[in-house]
Amino acid sequence: MGALKRSNAFLFFIFILMKPRELAKAYEPKEYEDKIYAAWEQSGFFNPDKLKAKAKPFVISMPPPNATGVLHLGHASALAYEDLMIRYHRLKGEQALWLPGTDHAAIATQTKVEKILAKEGTSRQKLGREKFLERVKEYVATSQGTIRNQTRKMGSSCDWSRERYTFDDGLSRAVAEAFVRMYNDGLIEKDYRIVNWCPRCASTLADDEVEYQENDAQLYYIKYGPFVVATTRPETKLADTGVAVHPSDKRYKKYLGKILDIDLAGHKIKVKVFADQAVDPEFGSGAIGVTPAHSAVDFDFAQKNKLEIIKLIDENGKILKSGGKYQGLDVNQARQAFVKDLQAAGQIEKIEAYKNNLSLCYRCNTPIEPLTSEQWFVRVNKKIPKRNKTLKQLATEAVKSGEIKILPDRFNKIYYHWMNNLHDWCISRQIWWGHRIPVWYKQDEIYVGSEKPKGAGWVQDPDTLDTWFSSALWTFSTLGWPDKTKDLKNYHPTSVMETGYDIIFFWVARMILMTEYIFGEKPFETVYLHGMIRDKDGRKMSKSLDNGIDPIAMSEKFGTDALRLSLIIGSAPGADLRVYEEKIAGYRNFVNKLWNISRFIFTSVGNVKTVKTEPQPKTLADKWILSEFNNLVKEISLDLDKFKFSPAGEKLYDFTWNKLADWYLEIAKIEGSKDQILLYILERLLILWHPFTPFVTELLWEQFGQKEMLMIKSWPQANKIDKKSTDYFSQLQNIVIKIRNLKVENKIPPKELPACQLESKIFTKNDLQVIAKLSRITLVANLAKAKSFSLGSTKGRINLAKELSVKERQNLENYIKATEARLKNKNFVDNAPAQVIAETKTRLAEAKNKLK
C-alpha cells in the first residue's frame, strides 16, 4: 500500500474534497474533474518519494510532446495508456514515477515561428539569430503552458516536480557531454558526403526523416554519346562523371574503363564507364548516367570507382556554375530548358510516363534534394574503443537477447531490418533553433568541449544538432546525467517506453543505441507501441478530411473518464483504433452506470464503511459474486501485467454491468441483508476501475469517509474461487433465461406470473424462490398440463397459457354458452354441412380449454 507522508496538501484533500456528500442522480464530470486533479496534485503523491513503497520502482519517461501547439487524440491515447500503467503500479505499492516533459522540436518549432514572422512581414534573417531565438523561446513558453494544462485535463498523474525540457540547462549539458564523449571515441566525425537536403527548411535531414510519395513522373531517354540513358531527372546529367552498366551486359563491354567525352546539347561532360552488380540491365537501356553529387547510390559508385564529384545544385535548389548556361535557374526551370535544348539537338529518343517515389521532407512536404555537403555524422559501423562492438551491434543485441521486449513482437523483425540497413547518422542541422554543436574553430585549430574554450578568436560551429540526438538521451538525461544522481541510481533503466509505432526508428531505436553506448545498459525493459487513431470509417485523421477529434472538447462534453475508456477499450499494441463521438458517448453512459450502481449501494446499506476482510457468504448468489470478483481480480492483474489493457477493461465492464448490476443487485433486492458483501465488492471495484476511470472513482471513494485517497490505496488480492458455486449459479442463470425466453415466445407479458413447477437436485428452496422472482413466475407444487423443459440438474413445467382479463373471460363464457345452444338446435344440426358442424365443435373445445 502506498503509505502517507502527511502534509498541508494532504490535509487540504481531507477537509476540502473528501467530505461525504449526497450523490446526485447523474454524474456531472465538469463539476468535479478540475477540483479532483488539483487535490491529487497538491497531495504530492504523484511524486514517488512521497510513497513508502518497498517494491521495485516502476518508471515511465513520458514521450515529450513537441513544444509547438496542442495535444491531439494520439497524444491523448498515449496519456491514457501511460496513466493506466502508472496508477496500477502505484496501487500495487511500487514507487511509480511518470516523468513529464516537452521537446524543443527544432525544425518543427522554427518552422512554426517563421510562419508567424512571415504574417508579420518579417523573417528570422531580418531579426538576426539572437532576436529570433528570443521569439522562439516566447512562443515555446506559451505552448508549454497549454500542453501542461491539457495533460492535466487527461488525468495524468505524472510527477510535475521532475518536469524536464530538452532545451533546459541540465539536458543541454547532457547533450554536449554525449557529443564530446562520442567525438573522443571516434564515433562522431565531420565529413563531406551526400545528404538529404530540404531547400525550404534549408537544412539536412536524417534518412528516416525522409518520406516517400508515389508520383506521376516522366522517364526521359537521352542520346548520350554511344549510350541511351534513361532518367527522371535529366537536369542532373549536366554533372554526370560516370556511366554504370551491369558486368554481364555484353553491349557495353568495349567501353568499360574508358573515359568518354559526351556532348549534351552543347554542354560538355567527361564520364568514366564502369560495371557494377547493382545496375539493373532491364531498366531503360541498361546504362545509367552517374551524378555523384546528387544521388546516394551514385555517391557510393564514385567512392568505389574514384569518380570526380561535381556539385550542380546549391542549398537553395538553384543550378550552380557547373551547370553552364543553366546557372541560376531553379531545378524545375533547368529541367524544362535543358529538355527543350536536347529536343532541339535531336538527343531525346523518347519520353515515357513513369511512376516513382518522390522524396519529401517529413516536416514541410518539400521535395528533398540529395546533394553533397560537409556535415557531422554519428558513425554507427565503427567499433567502440575497448568494447569491440559498433553502435548498431549494441542496439541490435539489446533486442535480440531479450533484454528489451517490443510489443507487439512482430515489430522485432522491422527493428532488425532497420538496424541492418542503418547508415551513418547525419546529426548537424542548418537551423538556428536547437542545441549548438559544441565545436569551436580558430584558424586551423578545432576544439570540442562542453564549454567554450578560453581565449579570444574562437568561433562556434553555426549548426545545431538533430532533435533526435537530444531526445535519444531522454530516459537518463532527465534523471540528472551526466551527474551521478540519486534519481539516476533509483529509476534507471526505466520500465516501459510507450509510444507510437510510427516513431520506432526516429526515437526508440536511437534511445537504445545511445543508452547502450553511454551506460552499457538498456533504457527501458519494454517498448509498448500503440497504433494510430482513425475515424469511424478507418481513415487517418487529418485537416484536409476535417475528421479530427479534439480530445479536450470531448473531455468537456462527455468527461475525461469516458474519453479514456474509448481510447483504451478496443485497443491493442501495434493496432490502429477507431474513435468517434458516438463511441465516447457510449462510455459516458457506462460511467453514469458505475455512478448509479455505487449510488444504489451507498443509499441502500445501513452504514457506509470499509470492509477489511471478505464477508462470509450465506447464499449461492453470495458465493457466486465473491468468486466472480476474485476471479476478476486475478485475471485483470494478469492482463495489466501483460499490457493487455483492453481485455482488462472489457472484463471489468462485463462484471460491473452484467454480473453485479444485472444479476447480483437484483438478487440482493430479493434476498436482502447484503450490506457487507456489497460494500466489500464496491470498495475494491472502485480500486480496480481507478487506473481506467480515475476521476469518477476518486469522487465515489469519498463516500467511504476514508482519510486516504483512492489513488494510494492497495490493489485488491484475489481470494479463493468457489468453482462449484459458479457452475451452479451459471445453471441458475440459464434457467432464468430459459423461462424468460419461453414467456416471450408465447407472448406472455412480463408482469404476468405464470404457474411453474421446478424440481432440482442442486438448488435450495431459497434458490428456487430467486429463480421465480427473477423470471417472474409463480412456483407451484404440481402442474398437470404444462410445457416441460430441462436444464442440467433441474426440470420444470410451466403453464404458458395466456391469462385472461375479466372482459376476455366474460366474452369467452358468452361464446361458449351461445355455441352450445347452437349445437343443441336441431334445425342447425340437420341442415348445416358436416364440415361446418365439425369446425364449430372444434372452436367450442378450444374456447373451453382457454378457460381452464
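Scroll up to find the structure this text is about.
The following paragraphs examine the structure supplied in this document. Computed from a prediction, not measured in an experiment: that's the story for all the values here.

It is worth spelling out the overall build of the protein at this point. Tallying secondary structure elements over the protein gives 27 helices and 29 strands in all. Taken against the 2.2 N^0.38 rule, which gives 29 Å for 852 residues, the C-alpha radius of gyration of the protein at 38 Å runs more than 25% over that of a compact globule. When the backbone C-alpha atoms are referred to their principal axes, the protein occupies close to 125 × 85 × 55 Å. A total of 852 residues make up the protein; the buried ones form 54% of that total. The contacts of the protein with a sequence gap of at least 6 include a subset with a gap of at least 24, amounting to 76%. With the model as given, the accessible surface of the protein reaches about 39200 Å², and the carbon-plus-sulfur share is 49%.

For helix α24 (residues 765–775), the set of buried residues is Asp767, Leu768, Val770, Ile771, Ala772, Leu774 and Ser775. Buried positions along α24 lie against α19 (620–641), α20 (645–671), α23 (723–745), β26 (755–760) and β27 (778–779). Immediately beyond the C-terminal end of α24, within one or two residues, lies Arg776, with a positive phi of roughly 60°.

It is at 10 Å that the axes of α19 and α20 come closest, and there the two elements cross at 170°. Taken together, the axes of α19 and α20 lie roughly antiparallel to each other. Every residue of α20 that contacts α19 at Ala621, Asp622, Trp624, Ile625, Glu628, Phe629, Leu632, Glu635, Ile636, Asp639 and Leu640 is listed here: Phe645, Pro647, Ala648, Lys651, Leu652, Phe655, Lys659, Leu660, Trp663, Tyr664, Ile667 and Glu671.

One finds Leu73, Ile625, Leu640, Phe645, Phe692 and Ile771 to be the most contacted residues of the largest nonpolar core, which totals 122 residues. A per-element tally of this core places helix α21 (residues 675–689) first, with 11 residues. In contact with Leu640, not counting residues within four places along its chain, are Leu84, Tyr88, Phe645, Ala648, Phe692 and Trp715. In this structure, Cys198, Trp418, Val439 and Leu473 belong to the second largest nonpolar core, which totals 72 residues.

Attention shifts here to the sheet that holds strand β8 (residues 227–231). Ordered in space as β8-β7-β13, the three strands form an open sheet in which the pairing is antiparallel. Of all strands in the sheet, those bounded by a partner on one side alone are β8 and β13 (348–361). Between one strand axis and the next, the sheet turns by 20° as a mean value, whatever way the strands run. Sheet analysis places strand β7 (residues 210–224) next to β13, joined by 13 bridges and oriented antiparallel. If you follow Gln218 over to β13, its bridge partner there is Ala353.

This part takes up the packing of aromatic side chains. Applying the stated rule across the entire model yields 43 aromatic pairs. Taken together, a centroid distance of 6.1 Å and an interplanar angle of 5° make the contact between Tyr27 and Tyr32 stacked. In terms of burial, Tyr27 and Tyr32 fall into one category: buried. Consider the rings of Phe629 and Phe655, whose centres lie 5.8 Å apart with planes at 55°: the pair is tilted. Taken together, the residues span a long stretch of sequence, with Phe629 in helix α19 and Phe655 in helix α20 at a distance of 26 residues. Residue Phe629 is classed as buried on the basis of its relative accessible area of 1%. Members of the aromatic cluster, joined through ring pairs, are Tyr587, Phe590, Tyr653, Trp657, Trp689 and Phe692. Positioned above the aromatic ring of Trp40 is the side chain of Arg87, whose terminal nitrogen or guanidinium carbon lies 4.2 Å from the ring centre. Positioned above the aromatic ring of Trp160, the side-chain terminus of Arg152 is 4.2 Å from the ring centre.

Another aspect to go through is the environment of Ser373. Of note, Ser373 is situated in strand β14 (residues 369–378). Here the alpha-carbon distance between Ser373 and Thr764, two residues 391 residues apart in the chain, equals 87 Å. At a separation of 2.7 Å, a polar atom in the side chain of Ser373 contacts the side chain of Gln375.

As a further point, take the packing of helix α18 (residues 581–604) against α21. When two helices pack together, their arrangement is given by the angle between the helix axes and by the axis-to-axis distance. The interhelical angle for the contact between α18 and α21, taken along N-to-C directions, is 150°, at an axis separation of 10 Å. By the criterion of interaxial angle, the relationship of α18 to α21 is roughly antiparallel. In this structure, the crossing between α18 and α21 has a hand that is left-handed. For the pair formed by α18 and α21, the contact residues are Phe590, Leu594, Ser598, Ile601, Phe602 and Ser604 on the first element and Asp675, Leu678, Leu679, Leu682, Leu686 and Trp689 on the second.

What we call a disulfide is simply a covalent bond connecting the sulfur atoms of a pair of cysteines. One pass over the structure, following the stated rule, counts zero disulfides. Free cysteine: Cys364, not disulfide-bonded; nearest cysteine sulfur from Cys198 at 3.5 Å. By relative accessible area, Cys364 is classed as partly exposed at 22%.

Attention shifts here to the side chain of Ser555. Within the secondary structure layout, Ser555 lies in helix α16 (residues 551–558). The exposure class of Ser555 is buried, given its relative accessible area of 1%. Side chain to side chain, Ser555 and Thr560 meet in a polar contact 2.5 Å long. When near neighbours in sequence (up to four residues on either side) are disregarded, Ser555 contacts Glu33, Lys153, Thr560 and Leu563.

Taking 1.5 Å of rise per residue, the 14 residues of helix α4 (residues 106–119) would be expected to cover 20 Å, and the 20 Å separating its terminal C-alpha atoms lies within 8% of that figure. By the burial criterion, the buried members of α4 are Ala106, Ile107, Ala108, Thr109, Gln110, Thr111, Val113 and Leu117. Close packing links the buried residues of α4 with α5 (124–127), α6 (129–153), β6 (203–205), β17 (428–429) and α12 (467–471). Positive backbone phi, approximately 80°, marks Gly121, located one or two places after α4.

Inspection of every chain in the model, using the stated rule, returns 54 salt bridges. Salt-bridge contacts for Lys350 lead to Glu352; the nearest nitrogen and oxygen are separated by 3.1 Å. Glu708 serves as the salt-bridge partner of Lys713, at 3.2 Å between the closest nitrogen and oxygen. Each member of the salt-bridge network shares a partner with another, and the members are Glu189, Asp191, Arg193, Arg379 and Asp424.

As a further point, take the sheet that holds β6. Here we have four strands laid out as an open sheet, ordered β6-β5-β14-β16, and antiparallel in their pairing. The open sheet has two edge strands, β6 and β16 (425–426), and neither has a second partner. Note: strand β5 (residues 188–198) against β14, 10 bridges, orientation antiparallel. Bridging across to β14, Asn196 finds its partner in Pro370.

A few words on the side chain of Thr619. With respect to the secondary-structure elements, Thr619 resides in the loop between α18 and α19. The buried category is assigned to Thr619, whose relative accessible area is 14%. Side-chain polar atoms of Thr619 contact the side chain of Lys674, separated by 3.3 Å. Excluding its chain neighbours within four sequence positions, the residues that come into contact with Thr619 are Glu671, Lys674 and Asn766.

What follows concerns the environment of Lys795. Among the secondary structure elements, Lys795 is positioned in strand β29 (residues 794–798). Owing to a relative accessible area of 57%, Lys795 belongs among the exposed residues under this scheme. Expressed as a C-alpha distance, the spacing of Lys795 and Glu759, which sit 36 residues apart in the sequence, is 5.3 Å. Beyond its immediate sequence surroundings of up to four residues, Lys795 is in contact with Gln757, Leu758, Glu759, Phe789 and Ser790.

Another aspect to go through is the pairing of strand β23 (residues 524–530). If a strand is regular, its side chains alternate between the two faces of the sheet. Burial analysis of β23 places six of its seven residues in the buried class, the great majority of the element. Summarising the sheet, strand β22 (residues 494–500) and β23 pair through six bridges and their orientation is parallel. In the strand pairing of β23, Met497 is matched with Val527.

Attention now moves to the pairing of strand β9 (residues 242–245). Neither face of β9 is exposed, since Gly242 and Ala244 on one face and Val243 and Val245 on the opposite face are all buried. The pairing of β9 with strand β11 (residues 267–275) spans four bridges and is classified as parallel. Its bridge partner lying in β11, Val243 is registered against Val273. Note that β9 and strand β12 (residues 288–290) share three bridges and pair antiparallel. Pairing of Val243 across the sheet is with Gly289, part of β12.

Analysis parameters
- Numbering of residues begins from 1 in every chain and follows the order in which that chain's sequence is written.
- Confidence filtering applies because this is a predicted model: local features only for residues at pLDDT of at least 70, side-chain atom pairs given and counted only at 80 or more, and all residues used for totals across whole chains, interfaces and linings.
- Processing note: side-chain calculations cover all non-hydrogen atoms of the structure and skip hydrogens and water entirely.
- Under the scheme used here, helices are H or I runs from DSSP no shorter than 4 residues and strands are E runs no shorter than 2 residues, and both carry numbers assigned from the N terminus.
- Restricting the calculation to C-alpha atoms gives the radius of gyration, and the globule rule supplies 2.2 Å times the number of residues raised to the power 0.38.
- In this scheme, a residue with accessible area under 20% of its type's maximum is buried, one over 50% is exposed, and one in between is partly exposed, where area comes from a 1.4 Å probe on protein chains only.
- Contact definition: two residues touch when any of their heavy atoms are within 4.5 Å.
- Each accessible area is a Shrake-Rupley estimate made with a 1.4 Å probe; only the visible protein chains count as cover when residues are assessed.
- To obtain each axis, a line is fitted to C-alpha atoms, and for helices this fit is confined to the stretch in contact; angles are then taken between N-to-C directions over 0 to 180 degrees.
- Just so you know how the angles are binned, under 35 degrees is roughly parallel, over 145 roughly antiparallel, 65 to 115 roughly perpendicular, and the rest oblique.
- We define the nonpolar core as a collection of buried residues of types Ala, Val, Leu, Ile, Met, Phe, Trp, Tyr and Cys that are connected through side-chain atoms lying within 4.5 Å of one another.
- Here, a strand pair is defined by DSSP locating no fewer than two bridges between the strands.
- To pair, rings of Phe, Tyr and Trp, with the six-membered ring standing in for Trp, must have centres within 6.5 Å; the planes then decide the type, stacked if under 30 degrees apart, edge-to-face if over 60, and tilted in the middle.
- We count a charge as sitting over a ring when the NZ of a lysine or the CZ of an arginine lies within 6 Å of the ring centre and within 35 degrees of the ring normal.
- Two N or O atoms count as a polar contact when they lie within 3.5 Å, although within protein this holds only if one can serve as hydrogen donor and the other as acceptor, and sequence-adjacent residues are included solely when both atoms are side-chain atoms.
- In a left-handed crossing the near helix is turned counterclockwise from the far helix by less than a right angle, and in a right-handed crossing that turn is clockwise.
- The criterion for a disulfide is a pair of cysteine sulfur atoms lying within 2.5 Å.
- For a helix, the expected span equals 1.5 Å multiplied by the residue count minus one.
- Salt bridge, as applied in this entry: a Lys or Arg side-chain nitrogen positioned within 4 Å of an Asp or Glu carboxyl oxygen.

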